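Spelled out, the chains give:
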Amino acid sequence: MARVGFCLDPVFLEHDAGPGHPERPERLAAVERGLREAGLAKALVPLPARAATREELLRVHTAAHVDRLAAAAGHRVRLDPDTAMSPRSHDAAVRAAGAVVEAVEQVLDGRLDRAFCAVRPPGHHATPDRAMGFCLLNNVAVGAAAALARGLTRVAVIDFDVHHGNGTQDAFWTDPRVLFVSSHRFPFYPGTGDLDETGEGEGRGFTVNLPMPAGLGDGEYRRVYREIVEPIGRAFDPQLVLVSAGFDPHRDDPLGGMAVTPPGFAELMDVCLAVASGAARGRVVAALEGGYDLGGIATSTAAVVGRMLGRPKPALTDAPTQGFEKQLGAYRSAHALHWAALRP
Ligand SMILES: [Zn+2]
């Protein structure tokens with residue numbers, strides 16, 4: 001059985017985004033409950049979080065951004081209309097980023113096969129120099145940068161959160177060592193992630209955006225991941241796969257407007273594992289991003305972690321809707337320029 005690390009540090013519960021905020025500490029209790037109720041908790045290896053070092057953060061973020069967050073430690077600060085810090089938020093953010101770095105290191109050292117980091121605050125909207133969209137530091141980007149610093153030359157980041165991972169895109173926009181693939185509702189917050197955003201300079205082609213109309217379910221997601229994400233990912237053949245695991249495409253999510261169910265999320269993780277089946281030798285590190293329905297978070301985390309552990313695959317029942325061929329065709333024509341695997 002796969003050795004799968006699981007990280008959930010108590011300080012992640014102390015980040016308070018404000019009264020009534022959907023990104024609330026109860027989300028992590030839902031993760032724990034989901035794993036326990038699915039009988040997975042005891043199969044996981046506890047993975048301690050540590051604070052990311054300044055050097056690790058500066059691989060992705062500017063000194064001005066890191067210093068601005070540090071100066072807010074101990075205070076309550078509003079950074080944008082929906083992103084705020086409480087007195088312990090800085091500690092939580094630095095340990096969330098450090099948790100992903102630690103997971104990457106343990107996986108690359110062979111102490112773990114895979115890991116799931118149940119972190120708060122989330123990270124994928126945090127750009128190199130700005131906190132936004134509930135995110136302070138870009139946990140997954142800092143983890144990818146740690147892998148590059150250890151000499152890896154091909155790291156894939158697959159982001160299935162319903163929102164575009166604009167911060168991760170910005171961090172690796174010109175870097176051909178990181179393949180960034182994001183499926184997301186579009187147009188939608190944060191406004192980026194259109195098909196023609198593919199990277200620049202040496203990084204051209206290594207940003208793959210898959211903008212989606214609202215309302216898609218398991219059938220459509222399965223086809224997007226099997227027919228677009230998997231061939232591109234296998235062609236890139238990463239040495240490590242990082243997953244921005246946002247559960248806001250869940251059908252009960254109050255913000256997402258999609259219709260994915262837990263077996264659908266299991267299917268997305270299966271594609272991530274398939275992309276990791278070459279040079280990565282199965283090494284996958286996932287980190288929690290969004291997801292705001294507590295029941296949806298619980299059951300979806302269990303579905304995803306179950307697949308990481310190699311537990312049986314839940315049956316997927318939803319069929320693709322009529323007319324989805326056109327959408328897949330748009331992805332193929334946009335990305336076939338850089339990815340021969342998509343050409344007919
Ligand atoms: Zn999201």
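Residues numbered from 1 in each chain as written. Predicted model: local features only at pLDDT ≥ 70, side-chain atom pairs only at ≥ 80, totals over all residues. Heavy atoms only, no water.

1. Considering the coordination of the zinc ion
Note on metal geometry: ideal angles are 109.5 degrees for four donors arranged tetrahedrally and 90 or 180 degrees for six donors arranged octahedrally. Short version of the rule: Donor criterion used throughout: N, O or S atom within 2.8 Å of the metal, extended to 3.2 Å for Na, K and Ca. Water excluded; incomplete-looking sites may result. Relative accessible area decides the class of each residue, using a 1.4 Å probe on protein chains only: under 20% of the type maximum gives buried, over 50% gives exposed, and in between gives partly exposed.
Within the protein, the atoms that donate to the zinc ion are Asp-161 (OD), Asp-161 (OD), His-163 (ND1) and Asp-248 (OD), at distances of 1.9 to 2.7 Å. If you list the donors of the zinc ion from N- to C-terminus, the spacing comes out as D-x1-H-x84-D. For the pair Asp-161 and His-163, one class covers both residues: buried.

2. Some remarks on helix H5 (residues 139–149)
Structural remark: α-helix, 3.6 residues per turn; residues separated by three or four positions point the same way. Applicable threshold: In this description a helix means any DSSP run of H or I spanning at least four residues, a strand means any run of E spanning at least two, and both kinds are numbered starting from the N terminus.
With 10 of 11 residues buried, H5 lies mostly within the body of the structure. What H5 keeps buried is the set Asn-139, Val-140, Ala-141, Val-142, Gly-143, Ala-144, Ala-145, Ala-146, Ala-147 and Leu-148. Directly beyond the C-terminal end of H5, a positive phi value near 100° is found at Gly-151.

3. Some points on the pattern of salt bridges
How we decide: Criterion for a salt bridge: a side-chain nitrogen of Lys or Arg within 4 Å of a carboxyl oxygen of Asp or Glu.
Within this structure, the stated rule accounts for 26 salt bridges. Two residues, Arg-95 and Asp-9, come together in a salt bridge whose shortest N-O distance is 3.2 Å. Of the two residues, Arg-95 sits in helix H4 (residues 89–108) while Asp-9 sits in the loop between strand S1 (4–7) and helix H1 (26–37), which places them 86 residues apart along the sequence. In this structure Asp-9 comes out as buried when scored by relative accessible area, which is 13%. Between Arg-111 and Asp-109 there is a salt bridge whose closest N-O contact spans 2.9 Å. Each member of the salt-bridge network shares a partner with another, and the members are Arg-226, Glu-230, Arg-234, Glu-267, Asp-270, Arg-307 and Lys-313.

4. As for the sheet that holds strand S5 (residues 114–117)
Rule in force here: When DSSP finds at least two bridges between two strands, those strands are taken to pair. Here, two residues are considered to be in contact whenever any of their heavy atoms come within 4.5 Å of each other. To obtain an axis, a line is fitted to C-alpha atoms, over the contacting stretch when the element is a helix, and the angle between two such axes runs from 0 to 180 degrees between their N-to-C directions.
Taken in spatial order, the 8 strands of this open sheet run S2-S1-S5-S10-S9-S6-S7-S8, and their pairing is parallel. Edge strands, defined here as strands with exactly one partner in the open sheet, are strand S2 (45–46) and strand S8 (207–212). Here S5 runs beside strand S10 (residues 284–288); their pairing, made up of 4 bridges, is parallel. Opposite Ala-115, over in S10, you have Val-285 as the bridge partner. Packing of helix H9 (residues 294–309) onto the sheet brings it into contact with S1, S5 and S10, and relative to S5 it is tilted by some 165°.

5. Overview of the packing of aromatic side chains
One pair of aromatic rings is described through two measures. These are the centre distance and the angle between the planes. What counts, and what does not: Two rings belonging to Phe, Tyr or Trp (six-membered ring only in the last case) form a pair when the distance between their centres is within 6.5 Å. Interplanar angles under 30 degrees mark stacking, angles over 60 mark edge-to-face geometry, and anything in between is tilted. Counted as over-ring charges are cases with an Arg CZ or a Lys NZ within 6 Å of the ring centre that also lie within 35 degrees of the ring normal.
In this structure the tally under the stated criterion is 8 aromatic pairs. Summarising the aromatic geometry, the rings of Phe-160 and Phe-247 are spaced 6.0 Å apart at their centres and angled 55° between planes, so their arrangement reads as tilted. Residue Phe-160 is located in the loop between strand S6 (155–159) and helix H6 (166–171), and its partner Phe-247 is located in the loop between strand S9 (240–245) and helix H8 (262–275); the two are separated by 87 residues in the primary sequence. Of the two residues, Phe-160 and Phe-247, both sit in the buried class. Ring geometry for Phe-247 versus Phe-265: centroids 5.2 Å apart, planes at 80°, classification edge-to-face. Of the two residues, Phe-247 is situated in the loop between S9 and H8 and Phe-265 in helix H8; the sequence distance between them amounts to 18 residues. Lying across the ring of Phe-188, Arg-185 places its NZ or CZ 4.1 Å from the centre.

6. Focus: H4
The following threshold applies: Every helix has an expected span of 1.5 Å times one less than the residues it contains.
In this model H4 runs 29 Å from its N-terminal to its C-terminal C-alpha over 20 residues, within 8% of the 28 Å that 1.5 Å per residue would give. Of all 20 residues that make up H4, 17 are buried, and the element is covered over most of its length. Following H4 by one or two positions, Gly-110 adopts a phi angle in the positive range, close to 85°.

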